[in-house]
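A closer look at the structure
Given next are the chains, with one letter for each unit.
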Amino acid sequence: MAADLSGIVIAPPTFGEKVAGIYRKLKRLPVIPVFLLSLVVIAGLFAPVLAPHDPEKGDLRERNIPPAWSSGESEPKTVVERMSINDRATSVTLSDAKKVNPDAQIGDQIDIYTRPAGSTKFLLGTDHLGRDVLSRVIYGARISLLVSIVTLAVGGSIGVTMGLMAGWYGGAMDEFLMRLVDIKLAIPLILIALVLVITLGQSLWIIVTVLCLFIWPRFARQVRGEVLQLKHMDYVSLAKVSGASTARILFIHIFPGTINTLIVVATLQVGIVILLESTLSFLGAGVPPPTPAWGSMVSDGRDKLAGGVWWISTFPGLAIMITVMSLNLFGDWLRDTLDPRLRQLE
Amino acid sequence: MQKYLARRFLLAFVTLLSVSLIIFIMSRVSGDPRHIYLDDYSTQEDWDRMGEVLGLDKPYYEQYGMFLKGAVKGDFGESVREARPVTEVVLERSPATLLLGSVAFSFSILVGVPLGILSAVKRGTWMDQVGKIIALIGQSAPPFWLGIMLMFFFAVQLGMVPPYGKQDWNSIILPAVTLGWYYAAANLRLVRSAMLDVLDSEYIKLARAKGVNSRTIIMKHAFRNALIPPLTFAGVTLGALVTGSLVVETVFAWPGLGRLAIEALFAFDYPLLQGVVITFTLLYVTAAFVVDVLYAYVDPRIRYA
């Protein structure tokens, strides 16, 4: 006898259940890192549209204005006709006082701002040359993106090609390339990079070249390891038997097998490239000023800290940290998703 | 094992040689060094005499040979900026860097290892979360920015420590924390994942089944085996701390080799720069070699290969 199911209605999911379901799905995807990374990419791509001010030109009269939310500091000062050096701290001339309050008279006490309040004109304040910090942070994303994409493309290709050849040919070729990797790992590269950039000149392309020196070995090692496994696969032997050229086997048959790992390595390397580029900029060997780069902006604000001007250094540094952190989190997630074998290597 | 060590030694040697070659080429690419030593009032005679003294009249390979010969004897010529032997300047600045490096190294171990153990043992609790945040900041924040922020908060705002320079004992705190944080974060992650692996193993389960208390299990059985990955990493750390000092010494005006390198670089003081870079590489390579030896000692698979 068949059960009578006609009276049973499956209840539609309640609102709470729906939210929980969406949350469960989202939990698997690293929403926050992806969101923050897209912000950086959008900032880089559409900087001219998004930035409220010119990032390279500032008005010196508007220098060191704090972020919009901070209130200014004011002190009561006595209005005098002429000011002597000794009472500069306590008095103000009549003409200056009239700018604040047109009715000011000599002998009045008047509140004068010793530090201006933030204004909504400059959301994150201005730097020591009166340039808008927010606009500079937005434009700074461009340099970081450009440098990391070009470095990744060039350095990555060199690394992959070297890795493919080392893994495929083995023997002396492998030995030579892997020793090259060892030497690279043993050299204090940031120092060499500094020397190179300073002697050859500070240009974007020299910086990219130097950064490529940093990142190719990681790719070479990873790909070499994969090739060593893949080259004994049946489909590779078949390709060989049917007369495919070595280049064809390497790029058409073996390379696609390494792509998952490469994506993971690339994501994590972008973070490293951004850190390195900003370190070079910070030390004064980055993209030359006045082009806004995050590292040099942090450096600009360094000696203003003692005067309480904290915003010039803080925001570009936060931008670097948030970008690198998102890349790391996203890379970890990619690794877990694409390549479970890598998980144990941590 | 001897073969392994011989290879490692050869690698260290080749590394030093390639760095010296890069540095030598760079110093020649940047132009005739006489431009730095001589001013507009010097005569052609001075120019030629200088060339003879510096060996600039000889072919490049001979000049490089001369440079190497001097380097082996510890003679890197005279610093242009300081007008005294490079070796003297380098030796004078080395102790500050070694001090900073060792304090930062101790910090990274003393903070990273216990926090790593705690995170693994208390997996999934708030302690694990705190550990994760510390590690994440350490691996994502650029050290130069971290240093500036620490300086602003603890030195400028709170006035607890001097903001820069090397005066009292407490002036080392901020630079050491800045330099060590990244490696503390790395140690934390390494110890945590190694600890989790070990805690999951059969012999730990056996110990638990026998009724051994968890303190003994963690400290005696698990911790010892979880120490191997961070030990391996220590070598990398020691070397990289040297490089990290470039940035941190610049931020905190710490009178060490890192700052000396930057000063020499921007003053185009090539003899001094060569000396500092070679010293850095020597430190780096020595640390790596010592770790390779220790590693061979710890890991029987390498010892008997």
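As the structure is a prediction and not an experimental result, all values here were calculated from the model.

1. So, the packing of aromatic side chains
For any pair of aromatic rings, the description consists of the separation of the ring centres together with the inter-plane angle of the planes. Within the structure shown, the criterion is met by seven aromatic pairs over all chains. On the numbers, 5.9 Å between centres and 20 degrees between planes, the contact of Phe330(A) with Trp333(A) is stacked. Of this pair, Phe330(A) and Trp333(A) both sit in helix α12 (residues 311-338), three residues apart, which is roughly one turn of that helix. By relative accessible area, which is 25% here, Trp333(A) ends up partly exposed. Aromatic pair Phe24(B) and Tyr64(B): ring centres 5.3 Å apart, planes at 50 degrees, arrangement tilted. One end of the pair, Phe24(B), is in helix α1 (residues 2-29); the other, Tyr64(B), is in helix α4 (residues 60-72), with 40 residues separating them in the sequence. Classification of Phe24(B) as buried rests on a relative accessible area of 6%. Given a relative accessible area of 15%, Tyr64(B) falls into the buried group. Ring pairs connect the aromatic residues Trp310(A), Trp311(A) and Phe315(A), which therefore count as one cluster.

2. Thoughts on the side chain of Ser201(B)
Looking at the secondary structure, you find Ser201(B) in the loop between α8 (173-199) and α9 (202-210). At 2.6 Å, the side chain of Ser201(B) forms a polar contact with the backbone oxygen of Val198(B).

3. Re the nonpolar core
Among the nonpolar cores identified, the biggest contains 130 residues, and Leu194(A), Phe214(A), Ile254(A), Trp294(A), Phe144(B) and Val251(B) are the most heavily contacted of them. Of the residues forming this core, the biggest block, 13 residues, is contributed by helix α10 (residues 246-282) of chain A. Setting aside residues no more than four positions away along its own chain, Ile254(A) makes contact with Leu164(A), Trp168(A), Val227(A), Leu230(A), Lys231(A), Val236(A) and Ile249(A). Core analysis: the next-biggest nonpolar cluster, separate from the first, contains 16 residues, Ile117(B), Ala194(B), Val198(B) and Phe223(B) among them.

4. Re the environment of Met149(B)
By secondary structure assignment, the location of Met149(B) is in helix α7 (residues 143-157). Discounting chain neighbours no more than four positions away, the residues touching Met149(B) are Ser313(A) and Thr314(A).

5. Observations regarding empty space enclosed by the protein
All names here are of chain A. Under the counting rule described, the total for this entry stands at one cavity of 30 Å³ or more. In this structure, the largest cavity occupies an estimated 30 Å³ of space. Taken together, Asp-127, Val-133, Arg-136, Met-297, Asp-300 and Ile-312 form the lining of the largest cavity. Those elements giving two or more residues to the lining of the largest cavity turn out to be α5 (133-169) and α11 (294-302).

6. As for the pattern of salt bridges
Residue and element names in this part refer to chain B. With the rule as written, the count across this model stands at nine salt bridges over all chains. Put simply, Arg-259 and Glu-263 hold a salt bridge, and the shortest N to O gap is 3.6 Å. Here Arg-259 pairs with Glu-263, and both are found in helix α12 (residues 257-266), just four residues apart, close to one helical turn. Sharing partners across several salt bridges, the network here consists of Arg-84, Glu-88 and Glu-92.

7. Quick word on the interface of chain B and chain A
Across the contact, 43 residues belong to chain B and 43 residues belong to chain A. With both chains or domains summed, chain B and chain A bury close to 3,800 Å², and 80% of this area falls on carbon and sulfur atoms. The interface formed by chain B and chain A contains one salt bridge. For Asp332(A), the salt bridge goes to Arg189(B), with nearest N and O atoms at 3.9 Å. Elements represented by at least two residues in the side of chain B that touches chain A include exactly α1, α6 (126-140), α7, α8, α11 (228-252), α12 and α13 (270-298) of chain B. No other element matches the 11 residues that α1(B) contributes to the side of chain B that touches chain A. Here the residues of the side of chain B that touches chain A are counted per class, giving 31 nonpolar, nine polar and three charged.

8. Section: the environment of Gly131(B)
Residues and elements named next belong to chain B. Within the secondary structure, Gly-131 is located in helix α6. The exposure class of Gly-131 is buried, given its relative accessible area of 3%. It is 6.4 Å that separates the C-alpha atoms of Gly-131 and Leu-115, two residues lying 16 residues apart in sequence. Those residues within four positions of Gly-131 in sequence are excluded, and the remaining contacts are Ser-119 and Leu-188.

The rules we used
- Residues numbered from 1 in each chain as written.
- Chains lettered and ligands numbered in written order.
- Predicted model: local features only at pLDDT ≥ 70, side-chain atom pairs only at ≥ 80, totals over all residues.
- Heavy atoms only, no water.
- Phe/Tyr/Trp six-rings, centres within 6.5 Å; stacked < 30°, edge-to-face > 60°.
- Helix = DSSP H or I, 4+ residues; strand = E, 2+ residues; numbered from the N terminus.
- Buried < 20%, exposed > 50% of the residue type's maximum accessible area, 1.4 Å probe, protein only.
- Polar contact = N/O pair within 3.5 Å; in protein donor to acceptor, adjacent residues only side chain to side chain.
- Core = buried A, V, L, I, M, F, W, Y, C linked by side-chain atoms within 4.5 Å.
- Contact = heavy atoms within 4.5 Å.
- 1 Å grid on protein atoms, 1.4 Å probe; cavity = no way out; pocket = protein on both sides within 12 Å on 5 of 7 lines; lining within 4 Å.
- Points joined across faces, edges and corners; volume = space filled by probe spheres on them.
- Salt bridge = Lys/Arg side-chain N within 4 Å of Asp/Glu carboxyl O.
- Buried area = accessible area lost by both parts, 1.4 Å probe.
- Nonpolar A, V, L, I, M, F, W, Y, C, P; charged D, E, K, R; others polar.

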